[in-house]
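# Notes for the structure review
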Amino acid sequence: KVSCNYVPVQTASLSFALDDEFIDRYMVQAGDTVEAGQLLAQLQLGDLETKIADAENELAVLKLQAEFEEKQYEVDLKRLKITTEQMDAEQKKEAYDLSQENYSRMVQSLQDSMMFKQLTLDALKADLAERQIHAPFGGTITRVADFKEGDRSDFGVGVITLVDSTRSIFRASTEHWDR
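Residues numbered from 1 in each chain as written. Predicted model: local features only at pLDDT ≥ 70, side-chain atom pairs only at ≥ 80, totals over all residues. Heavy atoms only, no water.

### A few points about the pairing of strand 8 (residues 160-163)
Both faces of strand 8 are covered, namely the face carrying Ile160 and Leu162 and the face carrying Thr161 and Val163. Across 4 bridges, the pairing between strand 2 (residues 11-14) and strand 8 is antiparallel. Residue pairing across strands places Leu14 opposite Ile160, the latter belonging to strand 8. The pairing of strand 7 (residues 139-144) with strand 8 spans 4 bridges and is antiparallel. (Buried < 20%, exposed > 50% of the residue type's maximum accessible area, 1.4 Å probe, protein only. Helix = DSSP H or I, 4+ residues; strand = E, 2+ residues; numbered from the N terminus. Pairing = 2+ DSSP bridges.)

Structure (structure tokens):
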């Protein structure tokens, strides 16, 4: 008598990265086929998605403001060229230096604000990533833990099992394997 079966090459037991947080929902059921990167489950997010959207919008506004300041500086240089025609070289240099200094100060301030906003956005996205479980590879869900409203997450405790059903090995076993 020989028992034969296919065994998946890759299996993952997935769990939440945070402990003692309220579970929001599972997006999959046992038997579902998923793609790599697909959202499988998440903890309650509160206003996290709103904060991310706000930070992205604020960053976009700062980038637009930087573009505007660059265009404004180009206009200022053209205006300086016209208004300084009657000035001597030293006065022209002072006017251009002042314009350059003001522009540099504004650009540095905007770059600092953009960097700070990007760091804030990165931290918010990292928090979101800790609250979600995504499929590390494509495959089939073989197990989803039961949960009811009010259940909390347990760090490191597998709640979803994913197997790569595209790659498997054929395994045979028998009591008389040595023969």
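### Comments concerning the confidence of the model for the protein chain
Summing up the model confidence of the protein chain, the mean pLDDT is 91 and the portion of residues at 70 or higher is 96%. Taken element by element, the protein chain is modelled with least confidence in strand 9 (residues 168-173), mean pLDDT 70, and with most confidence in strand 6 (residues 132-134), mean pLDDT 97. (pLDDT = per-residue confidence, 0-100.)

### A closer look at unusual backbone geometry
Positive phi, normally seen in glycine, also occurs at Asp20, with a value near 65°. The topology assignment puts Asp20 in the loop between strand 2 and strand 3 (23-26). A relative accessible area of 44% places Asp20 in the partly exposed class.

### As for the pattern of salt bridges
All chains considered together, the criterion is met by 10 salt bridges. The closest approach of N and O atoms between Lys125 and Glu56, which form a salt bridge, is 3.5 Å. In this pair, Lys125 sits in helix 2 (residues 89-130) while Glu56 sits in helix 1 (residues 48-83), placing the two residues 69 residues apart along the sequence. Classification of Lys125 as partly exposed rests on a relative accessible area of 39%. A salt bridge links Arg131 to Asp127; the shortest N-O distance between them is 3.5 Å. Three or more residues are tied together by salt bridges with common partners; here these are Glu21, Asp127 and Arg131. (Salt bridge = Lys/Arg side-chain N within 4 Å of Asp/Glu carboxyl O.)

### Some points on the sheet that holds strand 5 (residues 39-43)
Strand order across the open sheet formed by 3 strands is 3-5-6, with antiparallel pairing between neighbours. Here the strands that pair on one side only, and so sit at the sheet edges, are strand 3 and strand 6. Across the sheet, the mean angle separating the axes of adjacent strands is 15° when strand polarity is ignored. Two strands pair when backbone bridges link them, and strand 3 and strand 5 are joined in this way by 3 bridges, in the antiparallel orientation. Residue pairing in the sheet places Arg25 in a bridge with Gln42 of strand 5. (Axes fitted to C-alpha atoms, helices over the stretch in contact; angles between N-to-C directions.)

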